[in-house]
Amino acid sequence: MQTPGDADARDAVSTALLDELRSRIPAGRVLTDGPEYARAVALFNAAVEVRPAVVVRCATTADVQAAVRASRSHGVPLSVRGGGHDFWGRAFRPGGLVLDLTGMREVRIDVNHRCATVGGGALSSDVVAAAERVGLTAVTGTAGAVGMVGLTLGGGYGPLIGRCGLAADNLLGAEIVLADGSRVDTDAEHHPDLFWALRGGGGNFGVVTSARIRLHPVPTVVSGTILYPVAQSAGVLADLAGILQDGPDELTADVGFLPGPDGKPTVYVAPTWSGDLAVGNAGNGPVRALARLGTPLLAEVGPVARSATLAATDAMFPPGRMGAIRTRTVQSVSSPLAAVLDRSAQEFTSPFSAIVWHRFHGAATRPPLGSTAFGRREPHLMVELISMWEGGEGEDTAGGGGGRSPHLRWLEELHAALEPFSLPGGYVNFLGPETPDQVAEAYGPNTERLLAVKAAVDPDSVFAATPLPLGTADAGSMPV
């Protein structure tokens, strides 16, 4: 039973925490209520109900260090907000202290070395826009509103994956604040085990206040949207699989099902050609061939800046809706699997939901499995199952719905239906507490080393971002 003394002690600790924070960080950037606090706790997914006790809007690495030390000394749970795009709202912990990095969005481009140094709160769109001005681009996902660091730490599938690899493969180094408040710089030569873990292991090892990433001379791609009637799905998907299987590294396509303008499901094909523009844009070229697999409802493709493709995805999935996500990994979309996906698409419960799979191929398959923490390197498809709806349509929240509305029921039933077709594990940026079996297999043979790094740099599990497999590991004398 809680006594008045317990409550007084908690209030005293809270006051002491705030006093310590405000003695080291300008008081206006330490938020506990009011309009600024309300804006700071608004996330992409409106279904997230978790609320922190205090938000620290960090402007410098020193701010991050001070806040980490304060949270530890007062026993307050700690979390980190970058882009705030995570479906589970893992930027927050109940009653915790949030390190809000949204004010640390600086992007510095080194043209000569083709790399960028990006702040921990930089969005993918920030980095692409800055690089584009000098004829370069960064390896990102499909959405511009996603935090660049969080995407990269978890892996980072995207439209340049065939030519340039994962976002994590393009991480060159990072500045990171550890659980004791110390700052270290890590790369392939400095703290190499920590650097290894950051490339695919998620934000579970510290606060990445800045990252150095490799850039590529691909500011413009041939891309767009092709939609087919769902009645043509079997033939379109079969032909498409053959074309992409034999296609070059420069051709990547996101494929799936989306509700069309009339509410009926459509087959969605979003190609990206990252090679020679003349080849990609030719009438008989590899991109426009994808618009001849049937009779399309829409076929709009052509040369476009990468910043425009990111903005288009952001427009499809704006912030403020409620949503949940699941993922599966499959070897290919066989005819039986295609039939399951088709049937589920025809049962969409909302015009904002989607089924999309992303191809893992080309450059991403070439690094040895143990070269980074990322748990899978053979060719595969990462299937993204997205249920989104407007507020007021049900009482579902981000974590689970308990059958309270059709949206999560549709999502969980589809997720379960894909299990017989699926490989073990899954993409960690899209895994949550509902799928411990997938989390357990997410890192494959890299699991033991990953947990050893965690034990070495964060033995008290101060940082909990994307899920790690359960287990124990002896850090030993690992030189992280």
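Our subject is the structure that appears above.
Heads up: these notes are all about the structure in this document. Please read all numbers here as calculations on a predicted model, not as lab measurements.

1. Observations concerning the sheet that holds strand β17 (residues 380-389)
Strands belonging to one sheet form pairs held by backbone hydrogen bonds; the direction of such a pair is parallel or antiparallel.
Line of reasoning, step 1. Strand order in the open sheet made by the 7 strands is β14-β11-β13-β12-β16-β17-β15, with antiparallel pairing throughout. Either end of the sheet is taken by a strand with one partner, and the two such strands are β14 (298-305) and β15 (322-330). Each neighbouring strand pair of the sheet contributes to a mean axis angle of 15°, computed without reference to strand direction.

2. Focus on the sheet that holds strand β1 (residues 30-31)
Line of reasoning, step 1. On the basis of which strands lie adjacent, the open sheet formed by 4 strands has the order β1-β2-β4-β3 and mixed pairing. Looking at strand neighbours, the two that pair on one side only are β1 and β3 (78-81), the edges of this open sheet.
Line of reasoning, step 2. Strand direction decides the pairing type here: β3 and strand β4 (residues 97-100), joined by 4 bridges, are parallel. Following the sheet pairing, Ser-79 is matched in β4 by Val-98.
Line of reasoning, step 3. Of the strands in this sheet, β2 (54-57), β3 and β4 are in contact with helix α3 (residues 61-73), which crosses β4 at around 170°.

3. Description of the pairing of strand β6 (residues 115-119)
Line of reasoning, step 1. Burial analysis of β6 places 5 of its 5 residues in the buried class, which makes it a mostly covered element.
Line of reasoning, step 2. Where burial is concerned, the two faces of β6 agree: the one with Cys-115, Thr-117 and Gly-119 and the one with Ala-116 and Val-118 are both buried.
Line of reasoning, step 3. Pairing analysis gives 4 bridges linking strand β5 (residues 107-110) to β6, with the strands arranged antiparallel. Bridge pairing links Ile-109 to Ala-116 in β6.
Line of reasoning, step 4. Where β5 hands over to β6, the hairpin turn is made up of 4 residues, of which Arg-114 adopts a positive phi near 50°.

What counts and what doesn't
- Residues numbered from 1 in each chain as written.
- Predicted model: local features only at pLDDT ≥ 70, side-chain atom pairs only at ≥ 80, totals over all residues.
- Heavy atoms only, no water.
- Pairing = 2+ DSSP bridges.
- Helix = DSSP H or I, 4+ residues; strand = E, 2+ residues; numbered from the N terminus.
- Axes fitted to C-alpha atoms, helices over the stretch in contact; angles between N-to-C directions.
- Contact = heavy atoms within 4.5 Å.
- Buried < 20%, exposed > 50% of the residue type's maximum accessible area, 1.4 Å probe, protein only.

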